[in-house]
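Structural description and commentary
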Amino acid sequence: MKRTILICGLVGGLLIALLRWSEYQFLVIDHSVEIYAALVAAVFAGLGIWLGIRLTRSSRVAAVPDQPAAAPLATPVPAPDPMAFVPDQNKRDDLGITRREMEILELVAEGLSNREIAERLFVSENTVKTHCSRAFDKLGARRRTEAVLMGKKLGLLR
């Protein structure tokens, strides 16, 4: 009886080993190209996702400093200027510059690009370009710098 159990155990063990070997042959050796292709695809997908996140990150993300921030120094807050700038409404009305064109002209004077202005005002870049060109025409300017200088000269900009 012990001998029969021993023989059946050995035969069963050999059959299990044969099944595992054939499974290995089927999966790894017969499908090795597919396995390698899947691994390469996973690596390139991960690399693509990482690179996409890296390239499309907003330029306004602040870098984390390596050292802890120092305590803020007590700096005096400047008092508001009693003679604050007030744009010349009559000149604006004479030129026919709209409120939105004036708003965009002020942002141009701050040095913002069309994309930055569009993001700040929640409009498309084409809308910003249209308002800019209309304001430039009304001011008689061909460039952004000319428009800002004309705006300052006419008392429309600070």
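Refer to the structure presented above.
So, a few notes on the structure that sits alongside this text. (Residues numbered from 1 in each chain as written. Predicted model: local features only at pLDDT ≥ 70, side-chain atom pairs only at ≥ 80, totals over all residues. Heavy atoms only, no water.)

With that out of the way, let us pick up the overall build of the protein chain. Assigned secondary structure in the protein chain consists of seven helices and zero strands. When the helices and strands of the protein chain are read in sequence order from the N terminus, they spell out α-α-α-α-α-α-α. For the protein chain, with 158 residues in total, the buried portion stands at 16%. Within the protein chain, residue pairs in contact and separated by at least 24 positions form 57% of the contacts whose partners lie at least 6 positions apart. Accessible surface, the protein chain: about 13000 Å² in total, of which carbon and sulfur atoms supply 64%. (Helix = DSSP H or I, 4+ residues; strand = E, 2+ residues; numbered from the N terminus. Buried < 20%, exposed > 50% of the residue type's maximum accessible area, 1.4 Å probe, protein only. Contact = heavy atoms within 4.5 Å. Areas by Shrake-Rupley, 256 points an atom, 1.4 Å probe, with all protein chains shown as cover.)

A few words on the pattern of salt bridges. This structure, assessed with the given rule, holds six salt bridges. With its nearest N and O atoms 3.6 Å apart, the salt bridge here joins glutamate 103 to arginine 99. With glutamate 103 and arginine 99 both in helix H4 (residues 99-109), this residue pair falls four residues apart, about one helical turn. Residue class for glutamate 103 comes out partly exposed when judged on its relative accessible area of 24%. Given the relative accessible area of 58%, arginine 99 is considered exposed. Through salt bridges with shared partners, a single ionic network connects Arg99, Arg100 and Glu103. (Salt bridge = Lys/Arg side-chain N within 4 Å of Asp/Glu carboxyl O.)

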